[in-house]
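Structural features, examined
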Amino acid sequence: MFIGRVRELKRLDAMYRSKKLEVAIVYGRRRVGKTTLINEFCRDKRTVFFAAMENSAEMNLEALSGAIAAAETGSAVQVMYRSFVDALTKIQEMSEKERLVFVIDEYPYLAKAEPAVSSLLQNFLDHQFKETHLFLILCGSSMSFMENQVLGYQSPLYGRRTGQFKILPFDYRDTGRWFPGYSAEEKAIMYGITGGVPLYLEQFSPDKTIRDNLLDVVFNNNAMLFEEPSNLLKQELREPAAYNAIVTAIASGKSKLSEISTTVGQDSSLCAKYIGNLMMLGIVKRETPVTEPNSKRPIYVLDDLFFRFWYTFIPKNMAAIMSGRMEGIYTVAVEQRLSDYMGLVFERMCKDFLLFYDTGLPVNLQAVGQWWGGNPMTHKQAQIDIVALSAEDRSAIVGSCKFRNEIMPCSELDLMKDYAHAMGGFDRYYYYLFSKSGFEESLVREQDGTNLRLVTLDEIYQVK
């Protein structure tokens with residue numbers, strides 16, 4: 001079952017229909033479904049699909065020769081090309097009269113095996129491929145390589161792309177489509193666990209409860225997802241132990257660089273470099289108050305929700321998991337803590353609702369984030385879950401998000417008004433209150449004809 005990626009497929013199809021030379025760069029972290037997207041796009045199209053290998057240039061040339069033969073004749077009999085020049089010349093011939101999609105999956109592997117391949121492709125794109133009907137797709141999981149060595153200014157391929165696609169995990173709505181029989185609350189929790197990463201979603205059965213799924217595929221030392229974070233760090237980074245310590249520190253609530261570096265016992269400059277690499281992989285995110293994008297006092301949070309879930313629940317329960325006793329403590333160790341865990345997840349969902357799905361916005365949005373700072377009235381720190389800035393005037397949406405089992409009281413609106421006053425800088429405020437369990441009747445009565453909007457969990461899952 002193929003889910004989501006509607007905008008990406010629409011853009012790829014438009015490029016395909018142009019019939020002229022097109023070059024698409026598709027990149028994103030591992031597990032997000034780049035190859036699945038490309039396969040869906042190529043399903044009914046004449047395609048040479050070459051999956052590069054972490055191997056020698058000779059072995060990659062042999063694999064490319066096989067891919068060309070499979071596309072041209074559909075048989076296992078192949079011509080072994082003597083060089084990549086010969087292979088690309090054949091691609092040129094195949095694309096001179098009719099449309100041909102040529103995919104190089106995991107392009108960084110090929111570039112490592114044959115360092116001259118980017119310059120070679122540049123030459124073909126500028127000359128031999130110029131008047132063909134070729135649609136070239138370069139795909140890669142190494143974020144640093146794709147952004148620096150393919151998209152970067154110093155790359156031989158710079159300026160040759162006609163489209164680029166940074167593939168991200170699914171948002172909360174597309175994630176929910178994997179579990180059509182789940183309630184809105186259950187769909188939200190599954191998003192909070194998987195972060196919308198397709199490979200993770202594939203491990204869960206929509207026919208099982210969340211409890212049974214978690215016991216099968218996360219809290220099970222024989223399951224793939226049990227060691228996924230450590231495996232991913234080992235696969236992508238040279239010093240996984242150092243990175244693991246940083247992720248552990250951030251998961252425990254350390255958010256400032258000084259706090260993180262002290263906790264892990266690393267110099268702050270070295271720690272900042274490690275954090276930068278984790279940001280490149282989409283595991284960590286740097287945040288500043290939305291009203292101060294250039295703030296010198298950022299905080300760091302785990303952006304990858306599966307990492308956040310794993311580091312929240314696995315280390316504390318490792319003994320129970322390894323001894324096979326997790327089922328007996330699941331209710332206390334996990335189920336009763338899910339509402340607290342889902343707080344930050346729900347905030348992300350509400351931001352995405354405003355950005356992508358809310359058709360009744362009072363302003364056109366310029367940016368959405370959070371805000372924190374001092375409250376001059378109480379001399380304490382104040383934090384607003386959501387602040388959305390208007391692109392047109394000095395207006396802002398101020399929002400509070402609560403994933404709790406009790407209804408939201410009227411006092412929450414009073415608190416948001418106080419926090420908005422502490423933030424200052426705007427002429428008009430619109431108040432959005434998001435609640436999993438509903439609202440006090442006095443809040444419901446107050447929203448009619450005012451600048452107050454109440455949004456339930458069910459509403460943010462409604463399809464337009």
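Our subject is the structure listed above.
What you see is a predicted model; the values in this text were computed from it and never measured.

What counts and what doesn't
Residues numbered from 1 in each chain as written. Predicted model: local features only at pLDDT ≥ 70, side-chain atom pairs only at ≥ 80, totals over all residues. Heavy atoms only, no water. Helix = DSSP H or I, 4+ residues; strand = E, 2+ residues; numbered from the N terminus. Buried < 20%, exposed > 50% of the residue type's maximum accessible area, 1.4 Å probe, protein only. Contact = heavy atoms within 4.5 Å. Areas by Shrake-Rupley, 256 points an atom, 1.4 Å probe, with all protein chains shown as cover. Lys, Arg positive; Asp, Glu negative; His and termini not counted. Charge placed at Lys NZ, Arg CZ, Asp CG, Glu CD. Salt bridge = Lys/Arg side-chain N within 4 Å of Asp/Glu carboxyl O. Core = buried A, V, L, I, M, F, W, Y, C linked by side-chain atoms within 4.5 Å. Phe/Tyr/Trp six-rings, centres within 6.5 Å; stacked < 30°, edge-to-face > 60°. Lys NZ or Arg CZ within 6 Å of the ring centre and 35° of its normal. Polar contact = N/O pair within 3.5 Å; in protein donor to acceptor, adjacent residues only side chain to side chain. Pairing = 2+ DSSP bridges. Axes fitted to C-alpha atoms, helices over the stretch in contact; angles between N-to-C directions. Disulfide = S-S within 2.5 Å. Parallel < 35°, antiparallel > 145°, perpendicular 65-115°, else oblique. Nonpolar A, V, L, I, M, F, W, Y, C, P; charged D, E, K, R; others polar.

Our focus in this paragraph is the overall build of the chain. When its secondary structure is counted, the chain shows 22 helices and twelve strands. Each of the three principal axes of the chain carries a C-alpha extent, and together these read 75 × 60 × 50 Å. Counting only residues that meet the buried cut, the chain has 51% of its 464 residues in that class. Summarising the internal contacts of the chain: among those between residues at least 6 apart in sequence, 66% fall at separations of at least 24. Accessible surface computed for the chain: about 22,100 Å², of which carbon and sulfur atoms make up 48%. The average position of the 53 basic charges and that of the 57 acidic charges among the side chains of the chain differ by 3 Å.

A complete count under the given rule lists 25 salt bridges for this structure. The shortest N-O distance in the salt bridge between Asp304 and Arg29 comes to 2.1 Å. Of the two residues, Asp304 is situated in the loop between strand E7 (299-302) and helix H16 (305-313) and Arg29 in the loop between strand E1 (22-27) and helix H2 (34-42); the sequence distance between them amounts to 275 residues. By relative accessible area, Asp304 is classed as buried at 4%. The class of Arg29 is buried, set by a relative accessible area of 9%. Notably, a salt bridge pairs Asp86 with Arg82, separated by 3.4 Å at the nearest N-O pair. One connected set of salt bridges, linked through shared partners, spans Lys285, Glu287, Asp303 and Arg348.

Of all hydrophobic cores here, the largest spans 80 residues; its most connected members are Leu214, Val218, Phe219, Met349, Phe434 and Ile460. Residue contributions to this core peak at ten residues, all from helix H19 (residues 338-357). Excluding residues within four positions of it along the chain, Ile460 makes contact with Tyr172, Arg173, Phe346, Met349, Phe353, Phe434 and Val455. Grouped together as the second largest cluster of nonpolar side chains are 40 residues, Phe50, Ala67, Ile104 and Leu125 included.

Another point: the packing of aromatic side chains. One pass over the structure, following the stated rule, counts 23 aromatic pairs. A ring pair is formed by Tyr243 and Tyr274, whose centres lie 4.7 Å apart and whose planes are at 55 degrees; its orientation type is tilted. Of the two residues, Tyr243 sits in helix H13 (residues 240-251) while Tyr274 sits in helix H15 (residues 268-280), which places them 31 residues apart along the sequence. Residue Tyr243 shares its accessibility class with Tyr274, and that shared class is buried. Here the aromatic residues Phe219, Phe309, Phe313, Tyr330 and Tyr341 are joined through ring pairs into a cluster of three or more. The ring of Tyr16 carries Lys45 above its face, with NZ or CZ at 5.2 Å from the centroid.

Here we take up the side chain of Ser395. With respect to the helices and strands, the residue Ser395 is situated in strand E10 (residues 395-402). For Ser395, a relative accessible area of 5% translates into the label buried. Among the polar contacts made by the side chain of Ser395, one reaches the side chain of Asp393 at a distance of 2.8 Å. Here Ser395 is in contact with Val363, Ala388, Leu389, Ser390, Phe426, Arg428 and Tyr430, once residues within four sequence places are set aside.

Along helix H4 (residues 84-94), the positions that sit buried rather than exposed are Phe84, Ala87, Leu88, Lys90, Ile91, Gln92 and Met94. In this structure, the buried side of H4 is in contact with strand E2 (47-51), helix H3 (57-72), strand E3 (100-105), helix H5 (107-113), helix H6 (117-126) and strand E4 (134-140).

Our focus in this paragraph is the side chain of Ser261. Its location among the elements puts Ser261 in helix H14 (residues 257-264). One polar contact links the side chain of Ser261 to the main-chain carbonyl oxygen of Ser258, over a distance of 3.1 Å. Aside from chain neighbours lying at most four places away, what touches Ser261 is Gln266, Asp267, Ser268 and Cys271.

Moving on: the sheet that holds E1. Strand order in the open sheet made by the five strands is E2-E3-E4-E1-E5, with parallel pairing throughout. Taken across any chain shown, the strands that pair with only one partner, and hence form the sheet edges, are E2 and strand E5 (163-166). Across the sheet, the mean angle separating the axes of adjacent strands is 15 degrees when strand polarity is ignored. Pairing of E1 with E5, which is carried by four bridges, proceeds in the parallel orientation.

Before going further, it helps to examine the state of the cysteines. Inspection of the entire model under this criterion finds zero disulfides. With no disulfide of its own, Cys350 lies 3.7 Å from the sulfur of Cys401, the closest cysteine sulfur. According to the relative accessible area criterion, Cys350 is buried, its value standing at 0%.

Below, the discussion takes up the sheet that holds strand E12 (residues 452-456). The mixed open sheet is built from five strands, whose spatial order is E8-E9-E10-E11-E12. This sheet does not close on itself; its edge strands, each paired only once, are strand E8 (365-375) and E12. Neighbour to neighbour, the strand axes of the sheet diverge by 30 degrees on average, direction disregarded. Where strand E11 (residues 428-435) and E12 come together, five bridges link them in parallel fashion. Across the sheet, residue Leu433 finds its bridge partner in E12, namely Leu454. Against the sheet, helix H20 (residues 411-423) makes contact with E8, strand E9 (380-390), E10, E11 and E12, and its axis sits at roughly 140 degrees relative to E11, the strand it touches most.

The next point concerns the packing of H13 against H15. The geometry of H13 relative to H15 is characterised by a closest axis approach of 10 Å and an angle of 85 degrees between their N-to-C directions. Viewed along their axes, H13 and H15 adopt a mutual orientation that is roughly perpendicular. Contact residues: H13 offers Ala242, Tyr243, Ile246 and Val247, while H15 offers Cys271, Tyr274, Ile275, Asn277 and Leu278. Each residue belonging to the contact of H13 with H15 can be placed in one class, and the counts come to eight nonpolar, one polar and no charged.

It is worth spelling out the packing of helix H12 (residues 228-236) against H16 at this point. Relative orientation of the contacting elements H12 and H16 amounts to 125 degrees, with a least axis distance of 10 Å. Accordingly, the angle class assigned to the pair H12 and H16 is oblique. On H16, the residues that touch Glu228, Pro229, Leu232 and Leu233 of H12 are Phe306, Phe307, Trp310 and Tyr311. For the contact of H12 with H16, the class distribution of residues is seven nonpolar, no polar and one charged.

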